[in-house]
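Here is how the chains run, residue by residue.
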Amino acid sequence: MCYAIPGKIVNLNNKIAIVDYFGEKRNVLNEFENIKIGDYVYAQGGIIIDKIPEKDALEILNFWKEYFFELKKIDQKLSQQRVSQNVNTEVLQILQKVNLNQQLGKDELLKLLQISTTDTNSLNLIYTSANNVRQKELDNACCVHGIIEFSNYCKNNCFYCGIRKDRSILRYRMLPNEIIKTAEIAVKKFGFKAIVLQSGEDFWYNDENLVSIVKEIRKFNILIFLSIGVRSLETYQKLYNAGARAVLIRFETSNKNIFAKLRPQTNFQERIELIKSLKKLGYIIATGFLIGLPNETYEDIINNILLTKSFEPDMYSFGPLIPAIGTPLENVKTIDETTVLKIISITRFVDRQSKILITSSFETLSKEAKRNGLLSGGNSLMINVTPKNYAKLYEIYSNRPNIEKTIEENIKNTIELLYSLGRAPTDLGI
Ligand code: 5AD
Ligand code: SF4
């Protein structure tokens with residue numbers, strides 16, 4: 001199964017290449033020396049990650065040709081804006097601005113977040129409007145990244161997190177060879193083109209370890225995302241040089257007081273500065289926040305969206321806080337699905353061209369949550385490819401979804417869902 005389709009280089013100007021996908025052109029960054037016009041390549045996150053022989057490319061494209069346009073038709077149909085009766089006039093006025101591609105003010109974003117759960121007409125309209133913006137701006141591409149959770153050790157003690165240092169759980173660390181092997185299976189057996197390497201803040205893995213892991217995995221010609229928390233810029237520079245190109249690091253909350261209270265011994269400003277510096281280093285940034293932290297207001301949530309935007313991220317990653325048993329926040333009330341869907345839609349209005357991840361924590365809220373998220377502005381997913389014996393120990397919150405299912409089953413279900421929505425599980429670049 002392929003998670004990205006090959007494109008043909010039709011133009012090359014310094015490091016910027018134009019790649020053609022069945023007539024659709026995208027600009028991508030080329031870091032390969034030996035690429036020329038007419039070559040077939042895979043691109044992920046706007047970067048060429050691999051060159052492939054013409055014969056293989058044509059075979060894959062032949063398979064995709066039929067689906068490519070069929071899926072688009074389904075998506076176009078599902079993403080038409082549907083205005084029904086009795087939509088709140090203020091909401092209509094705000095959405096009019098969205099249709100005219102105008103920026104919304106903070107008060108307007110707040111108004112959308114305040115739409116009542118019982119006002120289903122207004123809610124449905126904002127969801128379909130966001131889906132419509134997503135379709136117009138980005139078409140039907142949906143990233144599907146694989147994620148390997150390679151260690152559940154963490155030196156920190158965040159109040160909400162199930163792998164916090166003080167929680168008594170069985171800990172594991174995958175050895176470098178095991179991590180590389182797992183990535184190899186994800187790439188060669190399952191076809192992933194982008195892999196997230198995630199762990200708690202675990203300094204057992206020193207620079208040397210991490211560099212060698214990244215270097216080996218880079219040989220599979222994929223996009224490597226790091227999700228390893230706060231490390232020195234020097235470390236991140238070494239990992240960039242080794243071949244990592246993206247970092248997933250949430251700032252968790254824009255509210256400094258909440259941050260200080262829930263993340264002892266960690267520093268808000270340091271995290272923010274790190275994200276900015278990583279961007280400057282050239283990393284693709286995926287960042288965001290938790291939803292439903294105690295004492296969080298709607299205004300905090302809007303600030304979270306706007307702070308995420310200020311980093312010019314490639315991907316927004318936010319999800320509900322799900323209580324983890326045995327943590328200080330084990331009894332906290334989880335936010336409802338409607339609020340998260342509103343946040344997904346509002347984020348789409350704020351940043352029309354971004355990737356918005358539908359997280360597995362959101363999936364726990366209902367059976368339909370993932371589908372609803374994709375129909376409300378979302379366009380990215382992750383599939384857990386951690387070996388099963390470890391995945392069940394990476395318990396950042398209790399009852400993680402799909403952990404009992406095999407990787408094959410999870411891939412199959414995801415692809416079926418995406419096809420039913422007319423989405424192509426692929427990343428077509430910037
Ligand atoms: N519920 C949902 N997400 C959580 N995270 C940590 N604990 C929880 C929880 N209980 C998220 C944090 C972190 C990411 C790796 O996992 O936002 O950045
Ligand atoms: Fe560690 Fe991240 Fe969990 Fe905090 S949220 S305890 S830093 S894994």
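As a reminder, the structure under discussion sits directly above these lines.
Residues numbered from 1 in each chain as written. Chains lettered and ligands numbered in written order. Predicted model: local features only at pLDDT ≥ 70, side-chain atom pairs only at ≥ 80, totals over all residues. Heavy atoms only, no water.

## Quick notes on empty space enclosed by the protein
Rules: Cavity: a set of points on a 1 Å grid over the protein atoms alone where a 1.4 Å probe fits but cannot get out. Pocket: an open set with protein on both sides within 12 Å along at least five of seven lines, its lining residues, like those of a cavity, having an atom within 4 Å of a point. Grid points are joined across faces, edges and corners, and a volume is the space filled by probe spheres set on the points. Under the scheme used here, helices are H or I runs from DSSP no shorter than 4 residues and strands are E runs no shorter than 2 residues, and both carry numbers assigned from the N terminus.
Applying the stated criterion across every chain, the model contains one cavity of 30 Å³ or more. As a volume, the largest cavity reaches approximately 40 Å³. Lining the largest cavity, in full, are Phe 150, Ile 179, Leu 197, Leu 210, Ile 213, Val 214, Leu 226 and Ile 228. The biggest single contributor to the lining of the largest cavity is helix H6 (residues 207–218), with three residues.

## Notes on the side chain of Glu 363
The following threshold applies: Buried residues are those whose accessible area, probed at 1.4 Å on protein chains only, stays under 20% of the maximum for their type, while exposed residues exceed 50% and partly exposed ones sit between those limits. Note on contacts: a residue pair qualifies if any of its non-hydrogen atoms lie within 4.5 Å across the two residues.
Within the secondary structure, Glu 363 sits in helix H12 (residues 360–363). Taking the relative accessible area as the measure of exposure, Glu 363 reaches 17% and is therefore buried. With residues near it in sequence (within four places) discarded, Glu 363 still touches Ala 369, Lys 370, Pro 401 and Asn 402.

## Re the site of ligand 1
Filter applied, for reference: Any residue with at least one heavy atom within 4 Å of a molecule or strand is counted as near it. Any N or O atom pair separated by 3.5 Å or less is treated as a polar contact, with the protein-specific requirement of one donor-capable and one acceptor-capable atom, and with residues adjacent in sequence counted only for side-chain atom pairs. All accessible areas in this document rest on Shrake-Rupley with a 1.4 Å probe, and a residue is counted as covered only by the protein chains that are shown. In this classification, the charged set is Asp, Glu, Lys and Arg, the nonpolar set is Ala, Val, Leu, Ile, Met, Phe, Trp, Tyr, Cys and Pro, and all remaining amino acids, among them Gly, are polar.
The immediate surroundings of ligand 1 are formed by Tyr 160, Cys 161, Gln 198, Arg 250, Glu 252, Leu 290, Pro 320, Leu 321, Ile 322, Ile 396 and Tyr 397. Here a nitrogen atom of ligand 1 and a backbone polar atom of Ile 322 are 2.7 Å apart. Note that a nitrogen atom of ligand 1 is positioned 3.3 Å from one of the backbone N or O atoms of Ile 396. Protein contacts shield 87% of the accessible area of ligand 1, which totals 410 Å² for the unbound molecule. Residue classes in the shell around ligand 1 are distributed as eight nonpolar, one polar and two charged.

## Brief notes about the packing of helix H2 (residues 89–99) against helix H3 (residues 106–113)
Put simply, the test is: Simply put, an axis is a line fit to the C-alpha atoms, just over the touching stretch for a helix, and the angle between two N-to-C directions goes from 0 to 180 degrees. Angles are sorted into four bins: roughly parallel if under 35 degrees, roughly antiparallel if over 145, roughly perpendicular if 65 to 115, and oblique for all others. A clockwise turn of the near helix away from the far one marks a right-handed crossing, whereas an anticlockwise turn of less than a right angle marks a left-handed crossing.
Two elements in contact, H2 and H3, have axes separated by 10 Å at closest approach and are oriented at 125°. Classified by the angle their axes make, H2 and H3 are oblique. Crossing handedness for the pair H2 and H3: left-handed. Of the residues in H3, those touching H2 at Glu 90, Val 91, Ile 94 and Lys 97 are Glu 108, Lys 111 and Leu 112. Split into classes, the residues belonging to the contact of H2 with H3 amount to three nonpolar, no polar and four charged.

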